[in-house]
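Notes for the structure review
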Amino acid sequence: MKAKETSAQKQSLDRTFMELLGNIQSTMMTRHQKAEVMIAGEQLRLRLHDSKLIKDHRHHLRTYPNCFVAQELIDWLIAHKEVPDRDTAVQLMQHLMDHDIIHHVCDKWPVFKDAKYLYRFRKDDGTFPFNIEVKIFMRGQRLYEYLITSKDSILQLRQEKGVAYERSFPGYMLIDWLLQNGEIEGRRQGLDLCKALLEHDIIQHVSLKHHFFDSGLLYQFCINFRRRRRLSELLHETENEEVECITQHNQEDQADSPFTLRKASPSERHSDFLSVLKRHVTCEELLSPGAPYVKRVLTILGDDLGWGFVVRGKSPCYVQAVDPGSPAAAAGVKVRQFVCRVNGHSVLHLDYRTLSKLVMTGPRFVTLEVMQPLD
């Protein structure tokens, strides 16, 4: 009887875990996709204004301000090599319509048509739906622009636990800046704002181990609002995350990815990881018989500062850094270990952000099942 009850409790815990995991993944994916669409749409809107493609049009004795002709826009997209053909252009613009970025001037057509119809960006006529999530996103974007362009920006190369992070800032310093620039009325309001920015994936602790505190802990922006989005990215939103993290270091005017910069020369910077990242290791390869990995089960008891390790990658995630003297280091967590299970549940097919949040929102005791390279 007790065995049946234990089995039923385990099944119930598994269902709860999977529901929590599904909710985290769904929320993060939705926010990421919405953020990318909003940024790409705004960049396109500004470019079209500069190109004078958005202007007043007269149709049936009525003037429609700040709009564009669908056919002319598609011609422009092809001429600027944003899309390969007209069908792809229609798909792209329909994607923007589905996310309430553009609409037909009379809301007569719910679909985007390659015709002499007039469409308009919702930000140009005040019909953009400003819900709480969008307001926080736009507040974060505005703060990023102020901080990245200010002469004495608080976004600087700083160190936390011996690891250097570019364009990072202490929590207390961001609140100081908000107060000095009239963005908030008091520190309590600033703390609430910064917590909202973190909860909506606008900023994050540099090693994903803490919520936002009015303290010396370091944080970074998760989103590089200035990176020029190619519109084709909106139709291919499953890019390889690892390639993006490496190539972004060479792009001008862009915030370097967190977690990858350490106090070392460029040739040394990724020496611990290149043997893994030169090619993607699949979950099947990792678990196949005879694979050059050994399974280890590690139990970590977190302290007041967290657990002391950083994961990166996706399907599977791997350990990128371990703080010396941390609970993770004491438990035997090492760089380049692949994380297979957390507290008995498979995490092989998760990305590092979901896995990190899963650990952070779970119990202080964390049991990791990892695959460690034999060499």
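Residues numbered from 1 in each chain as written. Predicted model: local features only at pLDDT ≥ 70, side-chain atom pairs only at ≥ 80, totals over all residues. Heavy atoms only, no water.

Along the backbone of the chain there are twelve helices and 14 strands. Counting only residues that meet the buried cut, the chain has 48% of its 375 residues in that class. Accessible surface for the chain amounts to roughly 19,600 Å². Of this, 53% is attributable to carbon and sulfur atoms. (Helix = DSSP H or I, 4+ residues; strand = E, 2+ residues; numbered from the N terminus. Buried < 20%, exposed > 50% of the residue type's maximum accessible area, 1.4 Å probe, protein only. Areas by Shrake-Rupley, 256 points an atom, 1.4 Å probe, with all protein chains shown as cover.)

The next thing to look at is the packing of helix α2 (residues 70–79) against helix α3 (residues 86–98). Packing of α2 against α3 brings their axes to within 10 Å, and their N-to-C directions diverge by 115 degrees. Overall, the two elements α2 and α3 adopt an arrangement that is roughly perpendicular. The way α2 lies across α3 gives a crossing that is right-handed. The residues of α3 that touch α2, namely those facing Gln71, Leu73, Ile74, Asp75, Leu77 and Ile78, are Arg86, Ala89, Val90, Leu92 and Met93. For the contact of α2 with α3, the class distribution of residues is eight nonpolar, one polar and two charged. (Axes fitted to C-alpha atoms, helices over the stretch in contact; angles between N-to-C directions. Parallel < 35°, antiparallel > 145°, perpendicular 65-115°, else oblique. Left-handed = near helix turned anticlockwise from the far one by under 90°. Contact = heavy atoms within 4.5 Å. Nonpolar A, V, L, I, M, F, W, Y, C, P; charged D, E, K, R; others polar.)

Right, let's talk about the nonpolar core for a bit. In terms of nonpolar packing, the biggest core is built from 58 residues, with Leu77, Met93 and Phe112 touching the most fellow members. If you list the elements that add at least two residues to this core, you get α1 (2–50), α2, α3, β4 (118–121), α4 (132–149), α5 (171–180), α6 (187–199) and β8 (218–221). No other element matches the seven residues that α1 contributes to this core. Inspection of this core shows a minimum of three residues originating in each of domain 1 (1–125) and domain 2 (132–221). (Core = buried A, V, L, I, M, F, W, Y, C linked by side-chain atoms within 4.5 Å. Domains from an automatic or database assignment.)

Within α2 the residues assigned to the buried category are Ala70, Leu73, Ile74, Trp76 and Leu77. Down the axis of α2, the buried side of the element spans an arc of 160 degrees, and every buried residue falls inside it. (Arc of directions from axis to C-beta.)

For the coordinates displayed, the defined rule picks out twelve aromatic pairs. Judged by centre distance (5.3 Å) and plane angle (55 degrees), the ring pair of Tyr144 and Phe225 falls under tilted. On the criterion of sequence distance, the pair formed by Tyr144 in helix α4 and Phe225 in the loop between β8 and α7 (241–247) is long-range, its members being 81 residues apart. Taken individually, Tyr144 and Phe225 each receive the classification buried, so the pair is uniform in this respect. (Phe/Tyr/Trp six-rings, centres within 6.5 Å; stacked < 30°, edge-to-face > 60°.)

With four bridges joining them, strand β1 (residues 55–59) and strand β2 (residues 62–69) adopt antiparallel strand pairing. Along β2, the bridge assignment pairs His57 with Tyr64. Taking the residues that link successive antiparallel strands as the turn, the β1-β2 hairpin has two residues, and the phi of His60 there is positive, at about 50 degrees. (Pairing = 2+ DSSP bridges.)

Before going further, it helps to spend a moment on the confidence of the model for the chain. For the chain, per-residue confidence averages 80 on the pLDDT scale, and 79% of positions sit at 70 or higher. The model gives residues 238–277 a pLDDT under 50, and that stretch makes 76 contacts with residues more than four places away or in other chains. (pLDDT = per-residue confidence, 0-100.)

Spatially, four strands are ordered β1-β2-β4-β3 in an open sheet, and the strand pairing comes out antiparallel. Pairing within the sheet leaves two strands with one partner each, and these edge strands are β1 and β3 (102–104). Across this sheet, the average inter-strand angle for adjacent strands is 55 degrees, counted without regard to direction. With respect to the sheet, α2 is in contact with β1, β2 and β4, its orientation differing from that of β2 by roughly 25 degrees. The sheet contacts of α3 involve β2, β3 and β4, and relative to β3 the element is tilted by about 95 degrees.

Between its first and last C-alpha atoms α3 spans 18 Å; for 13 residues at 1.5 Å apiece the expected length is 18 Å, and the two agree. Taken together, the buried positions of α3 are occupied by Thr88, Ala89, Leu92, Met93, Gln94, His95, Leu96 and Met97. The distance from a side-chain oxygen at the start of α3 to the backbone nitrogen of Asp87 is 3.3 Å, and the residue carrying that oxygen is Asp85. Following α3 by one or two positions, Asp100 adopts a phi angle in the positive range, close to 60 degrees. (Expected span 1.5 Å × (residues − 1). Polar contact = N/O pair within 3.5 Å; in protein donor to acceptor, adjacent residues only side chain to side chain.)

Counting through the fold element by element, Ser153 comes out in the loop between α4 and β5 (156–160). For Ser153, a relative accessible area of 11% puts it in the buried group. Apart from the residues within four sequence positions on either side, Ser153 is in contact with Leu147 and Ile148.

A few words on the packing of α4 against α6. Across the interface, α4 lies against α6 with an axial gap of 10 Å and an inter-helix angle of 105 degrees. By the angle between their directions, the pair α4 and α6 is classed as roughly perpendicular. In contact with Ile136, Arg139, Gly140 and Leu143 of α4, α6 contributes Leu193, Ala196 and Leu197. Its residues placed into classes, the contact of α4 with α6 shows five nonpolar, one polar and one charged.

The next point concerns the pairing of strand β6 (residues 163–170). β6 sits mainly inside the fold: six of its eight residues count as buried. Inspection of the sheet shows β5 paired to β6 by four bridges, in the antiparallel sense. Residue pairing in the sheet places Glu160 in a bridge with Val163 of β6. The antiparallel pairing of β5 with β6 creates a hairpin that spans two residues between the two strands, and Lys161 there sits at a positive phi of about 55 degrees. When β6 meets β8, the two strands line up antiparallel, connected through two bridges. Bridging across to β8, Pro170 finds its partner in Leu218.

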